[in-house]
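In case you want the letters, here they are:
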Amino acid sequence: QVQLVESGGGLVQAGGSLRLSCAASGSIRSINAMGWYRQAPGKQRELVATITSANSTYYADSVKGRFTISRDNAKNTVYLQMNSLKPEDTVVYYCNAKIVPSGSWLSRDYWGQGIQVTVSS
């Protein structure tokens, strides 16, 4: 079984910072791209940032210059450093990873349980 466990969310004032972490565990052959999404109530889940196994990154326009995604392959962990947070960043954040499980050659999507980030004005 493969699972993703997120941590680091919480409440912060506008202009502040938070760092999200997401650790993958279980029977893993390899991990390809990892990323963060977010979803507000009643809205579609949207991409925030992704990072490939070669450390190429992509950011949504809304977070460019404020958020930084990184990963530690030895720990199977992806991070999202969020600076200059705004009230509109208040949503649930989800970790995603494209993982090839042990005993397989096919990559599939795995999701974390979601973590709340609240930015007060």
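Relevant structure appears above.
All residue numbers here refer to positions counted from 1 along the written sequence of the relevant chain. Confidence filtering applies because this is a predicted model: local features only for residues at pLDDT of at least 70, side-chain atom pairs given and counted only at 80 or more, and all residues used for totals across whole chains, interfaces and linings. Calculation of side-chain values draws on the structure's entire complement of heavy atoms; hydrogens and water are dropped beforehand.

1. Some thoughts on the overall build of the chain
The condition is simple: Per the convention used, a helix needs a DSSP run of H or I reaching at least four residues, while a strand needs a run of E reaching at least two, with both numbered from the N terminus. C-alpha atoms define the radius of gyration in this analysis, and the globule rule sets the expected value at 2.2 Å times the number of residues to the power 0.38. Exposure classes here rest on a 1.4 Å probe applied to the protein chains alone. A residue is buried below 20% of its type maximum, exposed above 50%, and partly exposed in between. The contact criterion used is simple: two residues touch if any of their non-hydrogen atoms lie within 4.5 Å. For accessible areas, the Shrake-Rupley method is used with a probe of radius 1.4 Å. Any residue's cover is judged against the shown protein chains and nothing else. In this charge count, Lys and Arg are treated as positive and Asp and Glu as negative; neither His nor the chain ends contribute. By convention, charge coordinates are those of NZ in Lys, CZ in Arg, CG in Asp, or CD in Glu.
Along its length, the chain carries 0 helices and 11 strands. Each helix and strand of the chain, placed in order from N terminus to C terminus, yields the pattern β-β-β-β-β-β-β-β-β-β-β. Expected size for 121 residues packed as a compact globule is a radius of gyration near 14 Å; at 14 Å, the chain falls within 12% of this value. C-alpha atoms of the chain, sized along the principal axes, occupy 50 × 25 × 25 Å. Burial status across the chain gives 40% buried among its 121 residues. Put simply, 56% of the contacts in the chain that link residues at least 6 apart link residues at least 24 apart. Here the chain displays about 6400 Å² of accessible surface, and carbon together with sulfur accounts for 48% of that area. Counting 12 positive and 7 negative side-chain charges, the chain places the averaged centre of each group 5 Å from the other.

2. Here's the deal with the nonpolar core
To keep things clear, this is the line we draw: Among buried residues, the Ala, Val, Leu, Ile, Met, Phe, Trp, Tyr and Cys ones that are joined through side-chain atoms within 4.5 Å form a nonpolar core.
Counting 32 residues, the largest nonpolar core has Trp-36, Leu-80, Met-82, Tyr-93 and Ile-99 as its most contacted members. Counting residues per element, the ones that place at least two in this core are strand E1 (2-7), strand E3 (18-26), strand E4 (28-39), strand E5 (46-51), strand E7 (67-72), strand E8 (77-82), strand E9 (91-101) and strand E11 (115-120). Ranked by residue count, the leading element in this core is E9, at 5 residues. Apart from residues lying up to four places away in sequence, Ile-99 is in contact with Val-2, Leu-4, Ala-24, Ile-28, Ser-30, Ile-31, Leu-106, Ser-107, Arg-108 and Tyr-110.

3. Looking at the pattern of salt bridges
Two side chains of opposite charge can pair, provided their charged atoms sit close to one another. Counted only if it meets this: Should a side-chain nitrogen of Lys or Arg be within 4 Å of a carboxyl oxygen of Asp or Glu, the pair is scored as a salt bridge.
Per the stated rule, a full pass over the model turns up 5 salt bridges. Between Glu-46 and Arg-38 there is a salt bridge, with its nearest N and O atoms 2.8 Å apart. Its salt-bridge partner being Arg-66, residue Asp-89 comes within 2.8 Å of it at the nearest N-O pair. Here Arg-66 lies in the loop between strand E6 (57-59) and E7 and Asp-89 lies in the loop between E8 and E9, a separation of 23 residues in the sequence. Taking relative accessible area as the criterion, Asp-89 reaches 0% and is therefore assigned buried. Taking the relative accessible area as the measure of exposure, Arg-66 reaches 10% and is therefore buried.

4. Topic: the environment of Tyr-37
Mapping Tyr-37 onto the fold places it in strand E4. Beyond its immediate stretch of four places on either side in the chain, Tyr-37 contacts Arg-45, Glu-46, Leu-47, Val-48, Val-92, Tyr-93, Tyr-94, Asn-96 and Trp-111.

5. What to know about unusual backbone geometry
Non-glycine residue Asn-76 carries a positive phi angle of around 50 degrees. Along the chain, Asn-76 falls in the loop between E7 and E8. What makes Asn-76 partly exposed here is its relative accessible area of 25%. Positive phi is not limited to glycine here, since Ser-84 has a value of about 50 degrees. Residue placement: Ser-84 occurs in the loop between E8 and E9. Looking at Ser-84, the relative accessible area reads 41%, which means it is partly exposed.

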